[in-house]
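# Structural overview for review
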Amino acid sequence: MGKSDNVALLVDDRLDVVLAARKQGIKVDGVHVGQSDIPVDVCREYLGEDSVVGLSARTHEMIEYIKTADVSGIDYFGVGPVHETMTKPDCGLDTDGKIKTRSFEEIAEIVRLSKIPVVVGGGVKVADIPQLARTGAAGFFVVSAVAGADDPKQAALELVNAWKLHTEAGRKN
């Protein structure tokens, strides 16, 4: 999104953590919130225009929400999950109480419908990157793929390198 030097670091749901980290001199690029979290206009007010503010929609209304939402205060929609994840066990929880994962075909349709970039998360693994890159998504977000790895730095590098490889290959074709 051009708002980070390399890989963006966002905090999920916690504007207060972003502000506290920045006060300590830690580079945090922004925040990702859901519809029932701190409102995006409040996040934007405190973080400013140079920060990244992302928003998720509830699973059961995601496509309709993406088509009709006011996107003036957000930089991207977060969609998913690709796989169930223990990081956020309720990620993808539908009204029937079951977890709904998103296929790559559904993600491509969401990308097509969205007025702003779409970023995908929820159980994303390095093996998903080739298919994910073909959806037209602007990027992806992870927690456990890096935080749960034996070597988090190496895991992050593998994810970033796979994304660069497959998004660059897609642009050349």
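The paragraphs below set out a description of the structure included in this document. Residue positions are given per chain, counted from 1 along the sequence in the order it is written. Only residues with pLDDT of 70 or above have their local features reported here, since the model is predicted, and side-chain atom pairs are shown and tallied only from 80 upward, although totals for entire chains, interfaces and linings are computed over all residues. The side-chain values count all of the structure's non-hydrogen atoms but skip hydrogen atoms and water molecules.

### What to know about the overall build of the protein
Only DSSP runs of H or I covering at least 4 residues are called helices, and only runs of E covering at least 2 are called strands; the numbering of each starts at the N terminus. Check the secondary structure of the protein and you find seven helices and six strands. Element order for the protein, N to C, with α for helix and β for strand: β-α-β-α-β-α-β-α-β-α-β-α-α. Radius of gyration: C-alpha atoms only; globule rule: 2.2 Å multiplied by the number of residues to the exponent 0.38. Its C-alpha atoms give the protein a radius of gyration of 16 Å, within 12% of the compact-globule value 16 Å for 173 residues. Each principal axis of the C-alpha distribution contributes one length, and for the protein these read about 40 × 40 × 35 Å. Residues are treated as being in contact if the distance between any of their heavy atoms lies within 4.5 Å. Taking the intrachain contacts of the protein between residues at least 6 apart in sequence as the baseline, contacts between residues at least 24 apart amount to 47%. Accessibility throughout is a Shrake-Rupley quantity obtained with a 1.4 Å probe, and a residue counts as covered only by protein chains that appear here. Of the roughly 9900 Å² of accessible surface on the protein, 52% is carried by carbon and sulfur atoms.

### Some words on helix α2 (residues 40-47)
Restricting attention to buried positions, one finds in α2 the residues C43, R44 and L47. Seen from one end, α2 has its buried residues packed into an arc of 95°, which puts them on one side. Exposed side of α2, more than 90 degrees from the buried face: D41, E45 and Y46 are the residues found there. Check the buried side of α2 and you find it contacts α1 (15-23), β2 (30-34) and β3 (52-56). Of the residues one or two after α2, G48 is the one with positive phi, at around 90°. Here the term buried applies to any residue with accessible area under 20% of the maximum for its type, exposed to any over 50%, and partly exposed to those in between, with areas from a 1.4 Å probe on protein chains only. Starting at the helix axis, one direction is taken to each C-beta atom, and the arc is that of these directions.

### Digging into the packing of α1 against α2
Interaxial angles span 0 to 180 degrees and are taken between N-to-C directions of axes, which are lines fitted to C-alpha atoms, for helices over the stretch in contact. For the pair α1 and α2, the least separation of the axes is 11 Å and the interaxial angle reads 5°. When the interaxial angle is binned, α1 and α2 end up roughly parallel. In this structure, α1 contributes L15, V18, L19 and R22 to the contact, and α2 contributes V42, C43, Y46 and L47. For the contact of α1 with α2, the residue count by class is seven nonpolar, no polar and one charged. Just so you know how the angles are binned, under 35 degrees is roughly parallel, over 145 roughly antiparallel, 65 to 115 roughly perpendicular, and the rest oblique. Gly is placed with the polar residues, together with every amino acid not listed as nonpolar (Ala, Val, Leu, Ile, Met, Phe, Trp, Tyr, Cys and Pro) or charged (Asp, Glu, Lys and Arg).

### Observations concerning the pattern of salt bridges
The salt bridge criterion pairs a side-chain nitrogen of Lys or Arg with a carboxyl oxygen of Asp or Glu, the two atoms within 4 Å. Under the defined criterion, the tally for this structure stands at nine salt bridges. Between D16 and R14 there is a salt bridge whose closest N-O contact spans 2.7 Å. For R14, a relative accessible area of 42% translates into the label partly exposed. Ionic pairing is found between K27 and D29, a salt bridge with its closest N-O pair at 2.8 Å. Sharing partners across several salt bridges, the network here consists of D12, D13 and K88.

### Looking at the environment of I107
Structurally, I107 is set in helix α4 (residues 104-113). Each C-alpha atom of the pair I107 and L132 lies 8.2 Å from the other, and the pair is 25 residues apart in sequence. Residues contacting I107, with those up to four places away along its chain left out, are V82, R102, V120, L132 and T135.

### Things to note about the state of the cysteines
When the sulfur atoms of two cysteines come within 2.5 Å, that pair is taken as a disulfide. Counting across every chain of the model gives zero disulfides. There is no disulfide at C43, and the cysteine sulfur nearest it, in C91, is 18 Å away. Taking the relative accessible area as the measure of exposure, C91 reaches 22% and is therefore partly exposed.

Honestly, that's just the spatial picture; any functional story needs more than this.
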